[in-house]
Amino acid sequence: MSLIHKGDCLIVVDVQNDFCPGGALAVAEGDSVIPVLNVWIQRFRQMDLPVVYTQDWHPINHMSFVDQGGIWPPHCVQHTWGAELHKDLIEDGAIFKKGFLPHIEAYSGFDGALDGEGGDSLNTWLREKSVSRLYIGGLATDYCVKATALDGVKNGYEVILIESGTRAVNLHPSDREKAISEMLEAGVRLLE
Ligand code: VGL
Ligand code: ZN
């Protein structure tokens, strides 16, 4: 078990209905990250350390949707069931919404704003809380988790990926592996 301490923050990426079985962009075994992440969420909260959640939050005309020329079926549309965080996930922290501008992709949690458009950026919030190290898990390994982890490194944080708390879309079967290599090369540490 890894030791967590002051300066650590847990980032739970996009554990939303649409990325879980039965959702519009279901990730295989997407919901299996929930029990793993719930343990981490409780560990962080017991030590009074911050947990933040990201939430993909698209307008119906988002550029990533196939009908707008993007590669994804419509998913995580604002105010729909698919956009809600999964009901089994323990929710105990700030929520950063992202992807709310029709013409900007925004895979990274660092593109998110507290409670949506106009809210504080994730980076501003983390700095205010004197966070220096990020533990990251959630969905999906090869998109939003990867983008958030890489931006974490770019913004000067130590980044640890909770691998058992992630699942990949795997549009191509090797995408998960490629994403993990990219993160490792950038300096992300892996926790099994
Ligand atoms: C995501 C595809 C499209 C993700 C979001 O959360 O990884 N993937 N939008
Ligand atoms: Zn999306």
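Residues numbered from 1 in each chain as written. Chains lettered and ligands numbered in written order. Predicted model: local features only at pLDDT ≥ 70, side-chain atom pairs only at ≥ 80, totals over all residues. Heavy atoms only, no water.

On to the site of ligand 1, then. By nearness alone, every residue bordering ligand 1 is listed as Asp14, Phe19, Asp56, Trp72, His75, Tyr107, Leu139, Ala140, Tyr143 and Cys144. The separation between a nitrogen atom of ligand 1 and a polar side-chain atom of His75 is 3.1 Å. At 3.3 Å from an oxygen atom of ligand 1 is found a main-chain nitrogen or oxygen belonging to Leu139. Considered on its own, ligand 1 offers 250 Å² of accessible surface; in the complex 100% of this is hidden by protein. Taken together, the residues that form the shell around ligand 1 break down as seven nonpolar, one polar and two charged. (Near = heavy atom within 4 Å. Polar contact = N/O pair within 3.5 Å; in protein donor to acceptor, adjacent residues only side chain to side chain. Areas by Shrake-Rupley, 256 points an atom, 1.4 Å probe, with all protein chains shown as cover. Nonpolar A, V, L, I, M, F, W, Y, C, P; charged D, E, K, R; others polar.)

This next bit is on the sheet that holds strand 4 (residues 113–114). An order of 4-3-2-1-5-6-7 is seen for the seven strands of this open sheet, with the pairing classed as mixed. One side of each edge strand has no neighbouring strand; the edge strands of this open sheet are strand 4 and strand 7 (189–191). Here helix 1 (residues 33–46) sits on the sheet in contact with strand 1 (8–13), strand 2 (51–56), strand 5 (133–139), strand 6 (158–167) and strand 7, set at roughly 140 degrees to strand 6. Packed onto the sheet, helix 4 (residues 175–186) meets strand 6 and strand 7 and runs at close to 165 degrees relative to strand 6. (Pairing = 2+ DSSP bridges. Helix = DSSP H or I, 4+ residues; strand = E, 2+ residues; numbered from the N terminus. Contact = heavy atoms within 4.5 Å. Axes fitted to C-alpha atoms, helices over the stretch in contact; angles between N-to-C directions.)

This part covers the coordination of the zinc ion (ligand 2). Taken together, the protein ligands of the zinc ion (ligand 2) are Asp56 (OD), His58 (NE2) and His75 (NE2), with distances of 2.0 to 2.2 Å. Relative to the metal, the four donor atoms surrounding the zinc ion (ligand 2) lie at angles of 86 to 169 degrees, and the coordination shape comes out irregular. Counting gaps between the donor residues of the zinc ion (ligand 2) yields the pattern D-x1-H-x16-H. Taken together, the residues span a long stretch of sequence, with Asp56 in strand 2 and His75 in the loop between strand 2 and strand 3 (94–98) at a distance of 19 residues. For the residue pair Asp56 and His75, the accessibility class agrees, reading buried in each case. (Donors = N, O, S within 2.8 Å, 3.2 Å for Na, K, Ca; no water. Tetrahedral: all angles 85-135°; square planar, octahedral: opposite > 155°, others 65-115°. Buried < 20%, exposed > 50% of the residue type's maximum accessible area, 1.4 Å probe, protein only.)

Time to look at the pattern of salt bridges. All chains considered together, the criterion is met by eleven salt bridges. In this structure, the salt-bridge partner of Asp8 is Arg133, at a minimum N-O distance of 2.8 Å. In this pair, Asp8 sits in strand 1 while Arg133 sits in strand 5, placing the two residues 125 residues apart along the sequence. Overall, Asp8 belongs to the buried group, its relative accessible area being 0%. For Arg133, a relative accessible area of 9% corresponds to the buried category. The salt bridge partner of Glu182 is Lys146, with a shortest N-O separation of 3.0 Å. A residue pair is termed long-range when its members are at least 10 positions apart, and Glu182 in helix 4 and Lys146 in helix 3 (residues 141–154) qualify at 36 residues. Bridged by salt links that share partners, the residues Asp8, Arg133, Glu158 and Arg189 form one connected network. (Salt bridge = Lys/Arg side-chain N within 4 Å of Asp/Glu carboxyl O.)

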